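Single-letter residue listing:
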Amino acid sequence: MPKRVDHEERRTQIAEALVRVAGRRGLHAVGMRDVAAEAGVSLRLVQYYFETKEKLLLYGLQHLTDRFTARVGARLAAAGPAPGPRATAEALLLASLPTDAESRTFHLLYSAYAILSVTDEALAATPFIDNPDAAEDALTGLIRQAQESGTADPGADARTEAISLLAMAAAMGTSILVGQRGPDAAVAVLRHHLDRIFTVPGEPGTAAPEQ
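Residues numbered from 1 in each chain as written. Predicted model: local features only at pLDDT ≥ 70, side-chain atom pairs only at ≥ 80, totals over all residues. Heavy atoms only, no water.

> Requested: an account of the overall build of the protein, with residues and values cited.
Each helix and strand in the protein was counted, giving 10 helices and two strands. In the protein, the succession of helices and strands from N to C terminus is α-α-α-α-α-α-α-α-α-α-β-β. A separation of at least 24 residues holds for 63% of the contacts in the protein among residues at least 6 apart in sequence. (Helix = DSSP H or I, 4+ residues; strand = E, 2+ residues; numbered from the N terminus. Contact = heavy atoms within 4.5 Å.)

Here is the structure:
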């Protein structure tokens, strides 16, 4: 009896191959034939599942996003059963920094997708991710939650602070990739700004305890 094929598993296998080869050569230089060779399958099979390079790239982007979400979840699990808004915000931000091989590949390829979507008509015609404001909304909500519980600066504009933190994390990630600074220095800068936002009322600059 022929073995039953798990189509989602096969798509994931091909997406993993895309991530590996693009991480080495750059997203712009990767073709479907390269991905097939990396995955150890035929070009015809890659074309069967994805039809075009654009569809393969979009699936690869979703795969990257899912892996990022899993890394955030792992950080939160390590922080304990009730990490609180400050620890949750930190987990979200630090997971995006290229501090190891997997996060380096994520930052490199996610940045490449952003640039490619500006000029690639197929990518530009679709949302860059399912909800491009998801991280911004999440951070905004965490800051507001901390403000309501008295563990964040009540005068801070939560949306503006969330936007600033995400932009800072992206810039810090690029500075690590190009060797401008090390991961420890980038983490210290992000934590400095988190300390500024999550403060004990009446004690500026003092990190607030989690509730």
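Additional details are given in the paragraphs that follow.
> Tell me about the packing of helix H1 (residues 7–25) against helix H4 (residues 53–78), and name the residues and values.
Where H1 meets H4, the closest approach of the two axes is 9 Å, and the angle between their N-to-C directions is 90 degrees. The orientation of H1 with respect to H4, classified from their angle, is roughly perpendicular. When H1 is examined against H4, the residues Glu-8, Arg-11, Thr-12, Ile-14, Ala-15, Glu-16, Leu-18 and Val-19 are found in contact with a partner set consisting of Leu-56, Leu-57, Tyr-59, Gly-60, His-63, Leu-64 and Arg-67. When its residues are assigned to classes, the contact of H1 with H4 shows eight nonpolar, three polar and four charged. (Axes fitted to C-alpha atoms, helices over the stretch in contact; angles between N-to-C directions. Parallel < 35°, antiparallel > 145°, perpendicular 65-115°, else oblique. Nonpolar A, V, L, I, M, F, W, Y, C, P; charged D, E, K, R; others polar.)

> Please provide a residue-by-residue account of H1, values included.
The end-to-end C-alpha distance of H1 is 27 Å, a good match for the 27 Å that 19 residues give at a rise of 1.5 Å each. Here H1 starts with a cap whose side-chain oxygen sits 3.2 Å from the backbone nitrogen of Glu-8, and that cap is Asp-6. The positive-phi residue at the C-terminal boundary of H1 is Gly-26, with phi of around 100 degrees. (Expected span 1.5 Å × (residues − 1). Polar contact = N/O pair within 3.5 Å; in protein donor to acceptor, adjacent residues only side chain to side chain.)

> How would you explain the side chain of Thr-140 if you had to name every residue and give the values?
Of note, Thr-140 is situated in helix H8 (residues 134–148). Discounting chain neighbours no more than four positions away, the residues touching Thr-140 are Ala-158, Arg-159 and Ala-162.

> Could you give an account of the packing of aromatic side chains, with specific residues and numbers?
The tally for this structure, following the rule as stated, stands at four aromatic pairs. Between the aromatic rings of Tyr-48 and Tyr-49, the centroid separation amounts to 5.0 Å while the plane-to-plane angle is 80 degrees, which identifies the pairing as edge-to-face. Ring centres of Phe-68 and Phe-106 lie 5.0 Å apart, and the angle between their planes is 10 degrees; this geometry places the pair in the stacked category. Of this pair, Phe-68 sits in helix H4 while Phe-106 sits in helix H6 (residues 101–119), and the two are 38 residues apart along the sequence. For the pair Phe-68 and Phe-106, one class covers both residues: buried. One aromatic cluster is present, formed by Phe-68, Phe-106 and Tyr-110 through successive ring pairs. (Phe/Tyr/Trp six-rings, centres within 6.5 Å; stacked < 30°, edge-to-face > 60°. Buried < 20%, exposed > 50% of the residue type's maximum accessible area, 1.4 Å probe, protein only.)

> So, unusual backbone geometry: which residues are in play, and what are the values?
It is generally the case that most residues other than glycine have a negative phi and that most peptide bonds are trans. Positive phi is not limited to glycine here, since Glu-51 has a value of about 65 degrees. Tracing the backbone shows Glu-51 in the loop between helix H3 (43–50) and H4. The exposure class assigned to Glu-51 is exposed, which follows from its relative accessible area of 54%.

> Summarise the pattern of salt bridges; cite the residues concerned and give the values.
Following the criterion strictly, the structure yields 14 salt bridges and no others. Close ionic contact of Arg-20 with Glu-38 constitutes a salt bridge, the shortest N to O distance being 3.0 Å. Placement of Arg-20 in helix H1 and of Glu-38 in helix H2 (residues 32–39) is noted, with a sequence separation of 18 residues between them. You can call Arg-20 partly exposed: its relative accessible area is 38%. For Glu-38, a relative accessible area of 24% translates into the label partly exposed. (Salt bridge = Lys/Arg side-chain N within 4 Å of Asp/Glu carboxyl O.)

> Lay out the environment of Glu-8 with the relevant residues and their values.
Here Glu-8 lies in helix H1. A C-alpha to C-alpha distance of 9.7 Å links Glu-8 and Tyr-49, two positions 41 residues apart in sequence.

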